[in-house]
Structure formats: structure tokens, C-alpha cells
Amino acid sequence: MAFLKIVTGVSPGKTFDLLSDESVIGRSSDCEIAIDVAAVSRRHASVLRERGQFLLKDLGSRNGTQLNGQAVVAPTPLREGDRVTVCDQEFSFHASPPNSLLGGDTAYLGDESSLAQLVNDTEDDGPANVMATLDLGPGSKSWSMSAKPEVKLSALLEISNNLGKALSVEEILPKLLESLFKIFVQADRAFVVMRPGPDAPLVPVSWRCRRKADNEEAPRLSRTIVEQAMKSQQAILSADAASDERFGMAQSIAEFEIRSMLCAPMIDSDGNSLGVIQVDTTNQRSRFTDEDLEVLAGVASQAAVAMDNAVMHEQVVAQRALQRDLELAARMQRALLPSRAPVAEGYDFFSYYESARQVGGDYYDYIQLPDGRFAVIVGDVAGKGVSAAILMARLSSDVRFTLASEPDLAKVVMRVNKLFAQQGWDDKFVTMIFAVVDPTTHEMTMVNAGHMAPLLRSTGGMVEEISEEISGLPIGVYEDYEYESLTRTLSPGDVLTVFTDGFSEAMNADRDLYGLERLAKVAAADAANVSELGQHILEDVRSFVDGYAQSDDMCLACFGRNPS
């Protein structure tokens, strides 16, 4: 199964299987390869499958399509490893399916790898005739002790030069095979075999034969040898594999008349066997030596390091892409917060928002209503991070729309609750405070949907919790819940403090909580205006925390009448 893999773009490493006779690349969600990038046309290009061959075709896109740096003006055949560029999105084309090796999404592909196969052989329990083995397990340095320095240096320089600049595993394998034939001039075949998972079967992921005629046949190699090398983590040399009792009557060895064979495991930094490198020859006069075994052991170690590095590189690339997405999400969430306070004569406002992660589930909003009233909304989604932020973004739009179309605040909250519950957010819920104020009559209507009671400070400095008696269920718990509202007239100097539990449960290094009692005491402090009071609360919480890591989203909204 052929596929395209994103090399550079919105989701590096993501693959798209080419299952249809025509797979369209474009911005539209209907495309088989949908790319949400503005510069990409809705139907930009396509990959055609005709009589077993794949062709790249531009669909009249405004920014064009390139194949290996050249503009595509007519359907053009695709070959293994070709680079397809659609605006700033670069794909690589592969004719064989990716194998999810090393527990990741990296595609391990090689020359005719889909044709190579391991043969299940019957091991002989008799005495082994292995000429030499080298222990390559964790902590072992046996391979580095006795090979001639000039031989080992030349081989490792060769492999290092070929693999040093490879940034993906799919680049490493062809270069590795090329190096093997330069290092082992007597080799007729070379294989890289790997296991997708701890319990998965071994798979030949890349192979090459020196003679063209051999390449035309599907190569077969002994599973017995490969599994022995991986299990024992030893490099194996058999000077005459065809008569080696260690491998019994291995069918592949007999068929190919293999006279000499080297097999070395590739061991990652955690001491796990990634797979093996095997080279063999049918030439009776060009058998491998102990020195060759030591060299292949060194090559296998170098290849394992290169693969480790390539996997880490792809993980870093994916992490950077995720980081960019989170930074964009954070900016978008900030854009949803109000940019300015309502226009209400005689009223003052203060607000603060800080998520524990890059995006969060706390939320506040100021909404100017058509009849001159204004609404102050504060909410807290159960949970944190991206999922909470997505829920809150959706909820904020429902709140704005419903407030604009329904004058009765209790009915507003009931409608918002029903809309949220009908979305099927499973066990998600939101606590919220809704307050609507008429600045001409100074009448405030409030609904509490399972949130902590706001603190109302009067002119004399008295602080009381309000709305506790009408507190209902959080949004999303029960679809048909009926909410109650309370009405209160705000006097000059009255200030309402609405907060999320990121304030009341702020923690210091001794793991002490800031607490509601201290918050109420600070909210009672003398202040010239609302802004000064809000800033005083914020500074006191910061002083209490004293730099200790924030564990929850923090949201604070204060509003009230200015003193007469």
C-alpha cells in the first residue's frame, strides 16, 4: 500500500494511505489528504493510480504543485522517496506501507522490502558450529578491543559519513545498505530486519543484493539466525553457514548455498534489540573473518545510535509542531476574552486571567446588552488544558447568543445548560456565575450554576457571600434543570468579587491553601475603587504563593459602583 508522509508542514510524520484510484490533496475536508492551510487550494492536486503506477497531477491550483523542486504541468510518475510540495507542505512518496517500529509512527522502508521474507526454520538441538560470537549487550565493549584499528576506523568513518546527516529512519536504511557493500566487498546480500513490537514478528524492512539477477527474486533469510542474534544480543559469525549445526537445516541457507554469514543485533540506548543487520556470501573463497564480525558489530552499534537520534529528531519536530499549535491556541483563547470593560457610567471593573497550562478552562466575559444592561460571566470547566479550553470556547458563544435573545436570566442559563448537555460531553461540566446589571436602576440579577458564591463588599467594609441560597447544578449535569435567580440593588461603593478555585485553592511551597476565609478578608480591605481592590487581592495571593508553581487556572472578575 503506497502512502504520502508529511516531511515539513502542519503535522510532520503524519501519513496518508493512497487507497483510491485518485487521492486528492486539498484544503477541503472532503479530500483524501486534507491539509488545513490557507494557501492550499480546496482541491489542489491528486495522486492517480493507473495500472500499478502512481502519478502526481496538479488540479489547476493557484499556487501550483512541485515534484522534487520542479513544477508539475502534466501527470508525472512518482518514484520511491520523491518529494511532493504543495505550498509550504512537503510530502515524501513511498510505494510500501509504513511499519510502526520502535513504538513510533516512523516509516521503515527500504529496497524491495515488501518482497523479502523470513523463513521459519527448525533449530537443531545438536552442538553449535558457530565460528565466533561477540556480546553486544548493555555494558559490553568486546567488539572494540581487538579489531585492527585501521580496519575499524575506516568502516566506522564510512558508516558515520553515510548516516551522520540522516534525519529520519527511512533515510538511514538505504544509506546503511550502501555502506555495507562498501565495507564488506565479499558480501552478496545485506538485510536489515526489525520487530515492530515486543511480541510482533520480525520483518525485513530493507535489503539489497549485489547482483542484479539476485534482486529479481524475493530473498529469504533464516528466522532462526535473526532471532538468536536478537535474543542473545550477540553478533554471530558462521564461516560455513550451510553446514553450521547451530542453524540446523535452515531452508533459506540451503537454497542460497550461503557459505559465510555475519549477523549483528542493533541495540538502542535502553539496551533493547531494535533488529539485526545481516550480510552473507555464497563465495566459498571469500568467507567472513573474526575481524569482519568486529567491524559489523561496530557498524550495528553506529546504526542503532543513528536510529535513536533519528527517532528523537522526529519526536522533537513533532513536539515543536505541537508547541506551535498550543501557542496558537493560547493566542486564540486570549482573543476570546474581553478586550475592554463594559461602558457603564458610575461603574468600575477589574479582571485577571492566567491558565495553569498554555490554555485553560477558566473563562470570564463582559457582554454589553442591547438595552444598555451589561453582563459579567465567570466559568470554570472541570479539568484543564486543551479539552477544557475547547469546551469553554463553545460555551462562551452559546452564552453570548442566548443573552442577546432572552431577557430572563434564569431562562438564559437553562437554555445554555440544555445546549451544553445536548452536545454529549460525557462527564464534563462547568460551574458558572451569571450577573446582569442595569446601570440606570442599579439592579443586579444573578444566577449561580454550581459555582462558589461571589463576595459582595458594601461601603462599610462588610463582606458577605451571595447567591449561595439559589445555587443550582453545574452546567451540563442535568439537561432539564430549572435555575433560580436573585435580584439585588447595588448601592454606591458596593463591589462584587467573582473568582474561580485557582484563587481560593492557590498553594504555597508548604502546600498550604490560600483559602476562602483569607480571600474574604482581603476583599473587605479599604480601596479607592474596584481596580485598586482587585489589584490588592491579586498581590496578596501572589505574596502567599511566593513563586510556587501554579496548579490550576486562575480567573478573577471584580465590578461595582463607584462611591458617591
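In the block above lies the structure referred to throughout.
Values in this document were obtained by computation on a predicted structure and should not be read as measured data.

## Some remarks on the pairing of strand β6 (residues 53–58)
Within a regular beta strand, the side chains point alternately toward one face of the sheet and then the other, so they alternate between its two faces.
Consideration 1: Relative to β6, strand β5 (residues 45–50) is paired through six bridges, and the arrangement is antiparallel. The residue bridging Val 47 from the neighbouring strand is Leu 56, located in β6.
Consideration 2: Connecting β5 to the antiparallel partner β6 that follows it, the hairpin turn spans two residues, and Arg 51 within it adopts a positive phi of roughly 50°.
Consideration 3: Bridging between β6 and strand β9 (residues 76–77) involves two bridges; their strand directions are antiparallel. Residue pairing for β9: Leu 56 is matched across the bridge by Thr 76.

## A word on unusual backbone geometry
Consideration 1: Its identity is not glycine, yet Gln 233 carries a phi of approximately 55°, on the positive side.
Consideration 2: If you trace the backbone, Gln 233 turns up in the loop between α5 (223–232) and β17 (234–238).
Consideration 3: Located in the positive-phi region is Ser 467, a residue other than glycine, with phi close to 85°.
Consideration 4: Looking at the element boundaries, Ser 467 is found in the loop between β26 (463–465) and β27 (486–489).

## Observations regarding the pattern of salt bridges
Consideration 1: Applying the stated criterion to the full structure yields 13 salt bridges.
Consideration 2: For Glu 464, the salt bridge is made with Arg 488, and the minimal N-O distance between the two is 2.6 Å. Separated by 24 residues along the polypeptide, Glu 464 in strand β26 and Arg 488 in strand β27 bring together distant segments of the chain.
Consideration 3: Residue Glu 464 is classed as partly exposed on the basis of its relative accessible area of 35%.
Consideration 4: Judged by its relative accessible area of 31%, Arg 488 is partly exposed.
Consideration 5: Three or more residues are tied together by salt bridges with common partners; here these are Lys 418, Glu 479 and Asp 480.

## Focus on a nonpolar patch on the surface
Consideration 1: Where nonpolar side chains cluster on the molecular surface, the patch consists of Phe 429, Leu 473, Val 477 and Tyr 478 and spans about 340 Å² of accessible area.
Consideration 2: Among the secondary structure elements, Val 477 is positioned in the loop between β26 and β27.

The rules behind each value
- Residues numbered from 1 in each chain as written.
- Predicted model: local features only at pLDDT ≥ 70, side-chain atom pairs only at ≥ 80, totals over all residues.
- Heavy atoms only, no water.
- Pairing = 2+ DSSP bridges.
- Helix = DSSP H or I, 4+ residues; strand = E, 2+ residues; numbered from the N terminus.
- Salt bridge = Lys/Arg side-chain N within 4 Å of Asp/Glu carboxyl O.
- Buried < 20%, exposed > 50% of the residue type's maximum accessible area, 1.4 Å probe, protein only.
- Patch = residues over 30% accessible without salt bridge, like charges linked within 9 Å, V, L, I, M, F, W, Y side chains within 5 Å.
- Areas by Shrake-Rupley, 256 points an atom, 1.4 Å probe, with all protein chains shown as cover.

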